[in-house]
Amino acid sequence: MPEHPLRFASDHPLVQRVRGLCMRYPEAAEVIAHGRFTFRAGKPQFAIVGAAHEPDGAVEFLPDPLEREALLERDDVFVPPYEGAYGWLAIRVDAASGDWGLLEELLDTSYRRVALVRQLRALDAAPVVPVAD
């Protein structure tokens, strides 16, 4: 089976910004899967750069179930193909002018939804400092 082409180059500004947010978490790992940069809490994914069939920049995440409907009321949030069937949402974001504070919160929630207890303990012992501008 042929490999998927990369949706974004490793040095693309969107990948770099998301990498900077995700790799601060305990045991975070960056893995290329299906041509997209994924960020994982050990093995489970908590962020994916690029949404299938979405030509522009988007980041997929696992939302808090209680916030899902409110997030879907936003024009920039949508249910992505494939991962959407498993509860994932995606937010359109531009590397230069995105709502990075919101994305940072969404990624934190997403990480906490998939992280192991030991990872959450490590995170709570040394919390991630917000970096959004």
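Note that this is a predicted model, so its numbers are computed, not measured.

Looking at the overall build of the protein
Counting its regular elements, the protein contains four helices and six strands. Going residue by residue from the N terminus, the α and β elements of the protein occur as α-β-β-β-β-α-β-β-α-α. Relative to the compact-globule value of 14 Å for 133 residues, the protein shows a C-alpha radius of gyration of 14 Å, a close match. For the protein, the C-alpha atoms occupy an extent of roughly 40 × 35 × 30 Å along the three principal directions.

Comments concerning the packing of aromatic side chains
Under the counting rule described, the total for this entry stands at three aromatic pairs. A ring pair is formed by tyrosine 25 and phenylalanine 46, whose centres lie 5.8 Å apart and whose planes are at 75°; its orientation type is edge-to-face. Within this pair, whereas tyrosine 25 is found in the loop between helix H1 (13-22) and strand S1 (28-33), its partner phenylalanine 46 is found in strand S3 (residues 45-49), the two being separated by 21 residues in sequence. The two residues tyrosine 25 and phenylalanine 46 agree in class, both being buried.

Things to note about the side chain of arginine 19
Here arginine 19 lies in helix H1. Among the polar contacts listed, one links the side chain of arginine 19 to the side chain of glutamate 30, at a separation of 2.6 Å.

A word on the sheet that holds strand S2 (residues 36-41)
Taken together, six strands build an open sheet; the order of strands is S1-S2-S3-S4-S6-S5 and the sheet is antiparallel. Unpaired on one side and paired on the other, S1 and strand S5 (77-78) mark the two borders of the sheet.

Describing H1
Structural remark: α-helix, 3.6 residues per turn; residues separated by three or four positions point the same way. Listed as buried for H1 are Leu14, Val15, Val18, Arg19, Leu21 and Cys22. Along the long axis of H1, the arc covered by the buried residues comes to 160°, so they all point the same way. Tucked into the core, H1 has its buried residues touching S1, S2, S3, strand S4 (58-61) and helix H3 (100-114).

Re H3
Its 15 residues give H3 an end-to-end C-alpha distance of 21 Å, which sits within 8% of 21 Å, the value for a rise of 1.5 Å per residue. Residues of H3 that are buried include every one of Trp100, Leu102, Leu103, Glu104, Leu106, Leu107, Ser110, Tyr111 and Val114, and no others.

Quick look at the pairing of S3
Summarising burial for S3: four of the five residues are buried, a large majority. Inspection of the sheet shows S2 paired to S3 by four bridges, in the antiparallel sense. Bridging across to S3, arginine 40 finds its partner in glutamine 45. Turn length for the S2-S3 hairpin, with the two strands adjacent in sequence and antiparallel, is three residues, and the turn residue glycine 42 shows positive phi of about 80°. Summarising the sheet, S3 and S4 pair through three bridges and their orientation is antiparallel. Bridge assignment links alanine 47 to a residue of S4, and that residue is phenylalanine 61.

Focus: the packing of H3 against helix H4 (residues 117-125)
In contact at an axis separation of 8 Å, H3 and H4 are set at 140° when each is read in the N-to-C sense. It follows from the interaxial angle that H3 and H4 lie oblique. Here H3 contributes Asp108, Tyr111 and Arg112 to the contact with H4, which in turn contributes Gln119, Leu120, Leu123 and Asp124. Classifying every residue of the contact of H3 with H4 gives three nonpolar, one polar and three charged.

Thresholds applied
- Residues numbered from 1 in each chain as written.
- Predicted model: local features only at pLDDT ≥ 70, side-chain atom pairs only at ≥ 80, totals over all residues.
- Heavy atoms only, no water.
- Helix = DSSP H or I, 4+ residues; strand = E, 2+ residues; numbered from the N terminus.
- Rg over C-alpha atoms; globule rule 2.2 N^0.38 Å.
- Phe/Tyr/Trp six-rings, centres within 6.5 Å; stacked < 30°, edge-to-face > 60°.
- Buried < 20%, exposed > 50% of the residue type's maximum accessible area, 1.4 Å probe, protein only.
- Polar contact = N/O pair within 3.5 Å; in protein donor to acceptor, adjacent residues only side chain to side chain.
- Pairing = 2+ DSSP bridges.
- Arc of directions from axis to C-beta.
- Contact = heavy atoms within 4.5 Å.
- Expected span 1.5 Å × (residues − 1).
- Axes fitted to C-alpha atoms, helices over the stretch in contact; angles between N-to-C directions.
- Parallel < 35°, antiparallel > 145°, perpendicular 65-115°, else oblique.
- Nonpolar A, V, L, I, M, F, W, Y, C, P; charged D, E, K, R; others polar.

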